[in-house]
Amino acid sequence: MDRLIKTFSCWLLIILVWSGAALAAASPRVLGVREKLPNGLVWLFSEQSGLPLVTLKLLVKAGTLQDPKGKEGLANLTASLLLSGTQRRSATQIAQELDFLGARLGAAGGDDFAEVSLTILKKDLAAGLDLFQDILLHPAFAPPEVRRKVAEIKASLKSDEDEPMVVASRAFNKDLFGAFPYGHPIRGTQAGLTAITPKTLKEFHRRYYRPNNAILSVSGDLTLDEARKWVTQIFGSWPAGEIPPPQLPPIPRLQEDRVVVIDKDISQANIILGNLGISRANPDFYALQVMNYILGGGGFASRLMDNIRVNRGLAYSVSSGFSPGLEPGPIAVSLETKNASSAEAVAQVLAEMRRIRQEPVTAAELSDAKSYLIGSFPRKMDSLAKRAWLMAYAEFYGLGLDYPWRYPDLIRNLTPGDIQRVAAKYLHPDKYLLVVVGKKSAMPPPFGVAPRAGGEEKKDVKKQTHP
Amino acid sequence: MMVRNFKNIGVTLITKMIKARFLNPPKKEARSRRRPGRFPWPLLPVMALACLLLLAILSAPGGAAGPNLFDLVVEHQLKNGLKVLLLKEPRAPIISLQVWYRVGSRNEELGKTGISHLTEHLMFKGTEKYGPKDFSRLVQKAGGNDNAFTSRNYTAYFENGPKTELPRWLEMEADRMRNLKVSQEDFDTEKKVVLEERRLRTEDDPVNFLMEEVMATTFKAHPYQWPVIGWFHDIETISRDEFLQYYRRYYSPNNCTVVVVGDIDPQETLKQIEATFGALPAGPPPPPVTALEPRQWGERRVVVHREAQLPFLIMAYHTPNWRDPDAYPLEMLARVLSQGRSSRLYHNLVYKEKLALDAGADYNFDSTDPSVFTLYGQPLPGKTVPQLEAALEGEVKRLQTELVGEKELQKAKNQTVASFYMRLDSLFYRGMLLGRLETVAKWTLIKEFVPKILQVTREDVRRVARKYLVANNRNVGILSPIKTDKPKMERFSPGGQIN
């Protein structure tokens, strides 16, 4: 589900800005201060003094994209094991120290990066940073801890299959991306996890966990001088290293529409329909954001919600979203509806996709979408954690710390023609990937017992790659 | 335990799931909603409590440094009985408006379960003044977001967004408190939506399904026995007239608390509230809920046989709520058991024994009527429910015989304090805390809370473990997976595994 969920919250993810204006103490035109240590670590800082707290977020370019073939889940496992013991501390000691401070220290994998984050009371900062440094630089990857974590992740991958949308989303990503790393869950696969040894983990950590491959974002009740002192002290001795360039297989290209039906004894059909979308660096991002809001990203202001939920009562949840990463992510619609209405719901999704491709959006729709996207900025930046995250995000994807102040113009100047153009370019109602997880005997054709002409038979369509 | 996602809070349903997603943190957190070991139950109370405690600490004499938030709350009651709580927080030009009604599934009756939640959905269907599709669109157009949620004890509506929108939003909320217009057609369609919601949340989610069974087993006389969303057939058969009657009975100023948090001038805001809500007449007082769950005289067990990947175990014990002094040690007990990786259940059962994928404890401190203390866990593949049950019972036994460590109790108190600061980072959450407490108890409970938590002793913790976590007071629920073939995928070659 990971990637799909990401898809649906993406557009607003990007707009977590603006109220930076109200919050930034030093300069109202940037989110914070940007500096670089001699070892190459870029760090960002924003002073926020409302509560006696400090938040740190470290993004390391060691995500799913760095998962080697056959060891799916390595990047996430490496991150997850940071808290499971260092050369000085056992996993239990780390947990006890953290819990006694009441601090939150976490490490987790992601598609494009791994993230290590800490939130702590200011008075406990020294102790918290000592832990942070220790788990980041000196993880032990002790064999019993590795075995324990692998067993846990394997079980969780299994347990997740009780959520039909997870089953759908895994099938969707697997089919859309093929061997490309976005095609497997961040937590990996049973086979990939089995192939990972402590040695592999140490090597992965040694290679990718380097200051010149990371971004640190700090926000909280500190002055710039205090922050600089701490960052230098904790991260200054982290040695730089050469980072191998990623070796990514090509993403397969859909030739015609494909339908995957997964039979499961449940009351609803869980449906995902979509295509490959864009990367975050694609300049179509902003037009696509507005298009998506109008189509299905804007909740009750969106066409899909209005049509499928409000007018027809077919679903509780229906939405569209796109998920741009360093590499192109999916653009897709997802919904759950009782098995019997699966075909009707899909027909309506396709109809809405066609409509937004064929007709320009109305002036009112466009203006409402723009005013929402621009006007909801302040709330997307109103906490320490959100601000630290936004700075890191803007830096990671190369948006610049002035992004919040450039954003309104990027949205405001879009025309109905721009929206229609990206709809036509990225939505493909005649050539899509469709995954349906539901009870076959309760679904009408084409997903139910009677096979659809040209439906499942297309399963062996050859995949082609992007040039 | 951390709060993962609104969706997973079984006691609190959000009308617009799609927006609930939007309200949630961006991608990396958002994905945690799919993380394993989720316990889909009363996380919200824990979160609320956390904030409550922080507020309390901030306001306690000699408490931690920080703004004295508690002192800044402006409390007022209008002539029609409407309660107003205002909290100024000018960090950004935004506000959170929240309208809390003292009605939830505990106010329902058999045969009509789910009517509170259905009413919440129908509140978005418009009035004379604002058409059926206008409400959310007007809010979003201004850069705001709106949503609503229903629990066993309350129903709440909110708008978050630019402060300049407050007068309009107050007017819209006051309008729909008394002037809702719902056509038969909209009524019928919305019921279909709610049935889809029930399919999504419960019918197709084995652990949520089990939780429903456990509550139905635990309570036989009190309305906490049925789920907030209601039984499927009840939702299907509730009529528009019944809904209208329910709406008129409970949606009145004297059954409501309005909360505004954010960049406001409280006096000015109060005037605006007077001008909008103040014009509404008071209604007759809603009928009180008099049901009282009798003492339980022996263990009850319920088993659910459904398709599932892993079994699940829940043990629910009747406990008192915030009204009873025992609530404070029970709160500490839950934290000692399951707060953080060094907590007893995680450390012993998940980490050391490798018995469970997840195990935890939860306590309903702030429910309107006495609710439950819960232990739960999901056995790892190869481990069994009886093994896990024995291990949980072993932990209970230990708490009843040995005192918790001095440092261990201090750790639980430290965690509570620290997590409160972290929660208060959210403006919306501050409002939620006020509205929720005022609705289930009284918001000034804050004053008493911290001193009482800090007074909890090791002996208290042992005493409540002995008093409540006993076999005769226990309700055990077991999810027993039916063996089935792996879901079959049409498209992939045989052996192609779904990861």
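About the thresholds
Sequence order as written defines residue numbering, which begins from 1 separately in each chain. Throughout, the order in which chains and ligands are written sets their labels, letters from A for the former and numbers from 1 for the latter. Given that the model is predicted, a residue must reach a pLDDT of at least 70 before its local features are reported, and side-chain atom pairs must reach 80 or more before they are shown or counted; all residues, however, enter totals for whole chains, interfaces and linings. Water and hydrogen atoms were dropped before computing side-chain values, which therefore reflect all heavy atoms in the structure. In this description a helix means any DSSP run of H or I spanning at least four residues, a strand means any run of E spanning at least two, and both kinds are numbered starting from the N terminus. Only protein chains enter the accessibility calculation, which uses a 1.4 Å probe; a residue whose area is less than 20% of its type maximum is buried, one above 50% is exposed, and one in between is partly exposed. The contact criterion used throughout is that any non-hydrogen atoms of two residues lie within 4.5 Å. Here the open area of atoms and residues is found with the Shrake-Rupley method and a 1.4 Å probe, where only the protein chains shown may cover a residue. Note on aromatic pairs: the rings of Phe, Tyr and Trp (six-membered ring only in Trp) are paired at centre separations within 6.5 Å, and the planes decide the class, stacked below 30 degrees, edge-to-face beyond 60, tilted for the rest. Sitting over a ring, as applied to charges here, requires NZ of Lys or CZ of Arg to be within 6 Å of the ring centre and within 35 degrees of the ring normal. Residue ranges labeled as domains rest on an automatic or database domain assignment. Accessible area, probed at 1.4 Å, shrinks when two parts are joined; the buried area is that loss added up over both. Throughout this description, the term salt bridge denotes a Lys or Arg side-chain nitrogen within 4 Å of a carboxyl oxygen of Asp or Glu. Here a polar contact is recorded for every N or O atom pair within 3.5 Å, except that within protein the pair must consist of a potential hydrogen donor and a potential acceptor, and residues adjacent in sequence are included only if both atoms are side-chain atoms. Each residue receives one of three labels: charged for Asp, Glu, Lys and Arg, nonpolar for Ala, Val, Leu, Ile, Met, Phe, Trp, Tyr, Cys and Pro, and polar for the others, Gly being one of them.

A. The arrangement of the overall build of chain B in detail. Along its length, chain B carries 19 helices and 13 strands. Looking at chain B residue by residue over its 499 residues, the buried ones come to 68%. A sequence separation of at least 24 residues applies to 83% of the contacts in chain B between residues at least 6 apart. Counting every atom, chain B has about 16800 Å² of accessible surface; 52% of that belongs to carbon and sulfur.

B. Seen up close, the packing of aromatic side chains. The final tally for this structure, using the stated rule, is 36 aromatic pairs over all chains. An angle of 65 degrees between the planes, with centres 6.2 Å apart, marks the rings of Y286 of chain A and Y407 of chain A as edge-to-face. Here Y286 of chain A is found in helix 11 (residues 285-297), whereas its partner Y407 of chain A is found in helix 16 (residues 403-412), with 121 residues between them in sequence. Take Y286 of chain A: its relative accessible area is 11%, and that puts it in the buried class. Taking 5.8 Å as the distance between ring centres and 80 degrees as the angle between the ring planes, the aromatic pair formed by Y101 of chain B and Y157 of chain B counts as edge-to-face. Placement of the pair is Y101 of chain B in strand 4 (residues 94-101) and Y157 of chain B in strand 6 (residues 155-162), with a sequence separation of 56 residues. For the pair Y101 of chain B and Y157 of chain B, one class covers both residues: buried. An aromatic cluster of at least three residues, connected via ring pairs, comprises Y101, F124, F135, Y157, F187, F243, Y247 and Y251 of chain B. Over the aromatic face of F209 of chain B sits the side chain of R306 of chain B, whose NZ or CZ is 4.6 Å from the ring centroid.

C. Examining the domain arrangement of chain A more closely. Residues and elements named next belong to chain A. Structurally, chain A comprises domain 1 (33-235) and domain 2 (258-457). The C-alpha-based centres of domain 1 and domain 2 are spaced at 29 Å. In this complex, domain 1 contributes 35 residues to the contact, which on the side of domain 2 involves 36 residues. Contact with domain 2 buries area across many residues of domain 1, yet M165, F172 and D175 alone supply 21% of it, more than any other trio. Across the contact surface, domain 1 and domain 2 share two salt bridges. R34 serves as the salt-bridge partner of E395, at 2.8 Å between the closest nitrogen and oxygen. Put simply, domain 1 and domain 2 have nine residue pairs in polar contact (both at pLDDT 80 or more) between them. The biggest single contributor to the side of domain 1 that touches domain 2 is helix 7 (residues 164-177), with 11 residues. In terms of residue class, the side of domain 1 that touches domain 2 is built from 20 nonpolar, eight polar and seven charged.

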